[in-house]
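# Analysis of the macromolecular model
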Amino acid sequence: MADSELDTIRAARMAQLQQQGQGAPVGMSGANENQAKQEEERRDQAEQMKNQMLSQILDQQARARLNTIMIAKPEKAQMIEGILINMARSGQIRGKLGETELIGLLEQVSKKAKQSTKVKFDRRRSNLDDDDEFLDL
């Protein structure tokens, strides 16, 4: 085949793929694109519900503190949000929590995290860690 024939075949195939995907990248069909949009809508809806629930649980100062923690330590803030939502669903929270109650909850979580965090150094491998090699210089 000549180069011009290959170019025309490639151009036709690219046009066909663009029409199928309506400008979507190659490998992304219309069905996958719709599923991705639906998944994104579900995530947005879940995020809105979470924010609405947290605004009902926390007062403004506690919400501001939680947002500050979200910036510094996102994993810890997400864990606290989950705990707060579960407490509200189970009926353990009656009214709005203030900043002092949130601080108390944060301290409890920090104590549990400190107890579970443990670092162990294993220094029995003397063959791998030989400092005597510098003495030969």
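Above this text sits the structure in question.
Everything in this summary refers to the structure shown in the same document. Source: prediction; values computed, not measured.

### Some points on the packing of helix α3 (residues 60–72) against helix α4 (residues 74–90)
Packing of α3 against α4 leaves a shortest axis separation of 6 Å and a crossing angle of 140 degrees. Here α3 lies oblique to α4, going by the angle between them. In contact with Arg63, Leu66, Ile69, Met70, Ile71 and Ala72 of α3, α4 contributes Pro74, Ala77, Gln78, Ile80, Glu81 and Leu84. Each residue belonging to the contact of α3 with α4 can be placed in one class, and the counts come to 9 nonpolar, 1 polar and 2 charged.

### Thoughts on the side chain of Arg63
Tracing the backbone through its elements, the reader meets Arg63 in helix α3. Within the buried set, Arg63 has no salt-bridge partner at all; the shortest N-O distance to an opposite charge, 4.3 Å, is to Glu81. Those residues in contact with Arg63 that sit more than four places away from it in its chain are Asn51, Leu54, Leu58 and Glu81.

### Thoughts on α4
Taking 1.5 Å of rise per residue, 17 residues should cover 24 Å, and α4 covers 24 Å from first to last C-alpha, within 8% of that figure. The set of residues buried in α4 consists of Ala77, Ile80, Glu81, Leu84 and Ile85. Along the long axis of α4, the arc covered by the buried residues comes to 135 degrees, so they all point the same way. In α4, the exposed positions that point more than 90 degrees away from the buried face belong to Glu75 and Arg89. Directly beyond the C-terminal end of α4, a positive phi value near 90 degrees is found at Gly91.

### Notes on the side chain of Glu81
Considering the arrangement of structural elements, one finds Glu81 in helix α4. Within the structure, the side chain of Glu81 is placed 3.0 Å from the side chain of Lys50, a separation counted as a polar contact. Once residues within four sequence positions are removed from consideration, Glu81 is found in contact with Lys50, Leu54, Arg63, Leu66 and Met70.

So, how was this worked out
Residues numbered from 1 in each chain as written. Predicted model: local features only at pLDDT ≥ 70, side-chain atom pairs only at ≥ 80, totals over all residues. Heavy atoms only, no water. Axes fitted to C-alpha atoms, helices over the stretch in contact; angles between N-to-C directions. Helix = DSSP H or I, 4+ residues; strand = E, 2+ residues; numbered from the N terminus. Parallel < 35°, antiparallel > 145°, perpendicular 65-115°, else oblique. Contact = heavy atoms within 4.5 Å. Nonpolar A, V, L, I, M, F, W, Y, C, P; charged D, E, K, R; others polar. Buried < 20%, exposed > 50% of the residue type's maximum accessible area, 1.4 Å probe, protein only. Lys, Arg positive; Asp, Glu negative; His and termini not counted. Salt bridge = Lys/Arg side-chain N within 4 Å of Asp/Glu carboxyl O. Expected span 1.5 Å × (residues − 1). Arc of directions from axis to C-beta. Polar contact = N/O pair within 3.5 Å; in protein donor to acceptor, adjacent residues only side chain to side chain.

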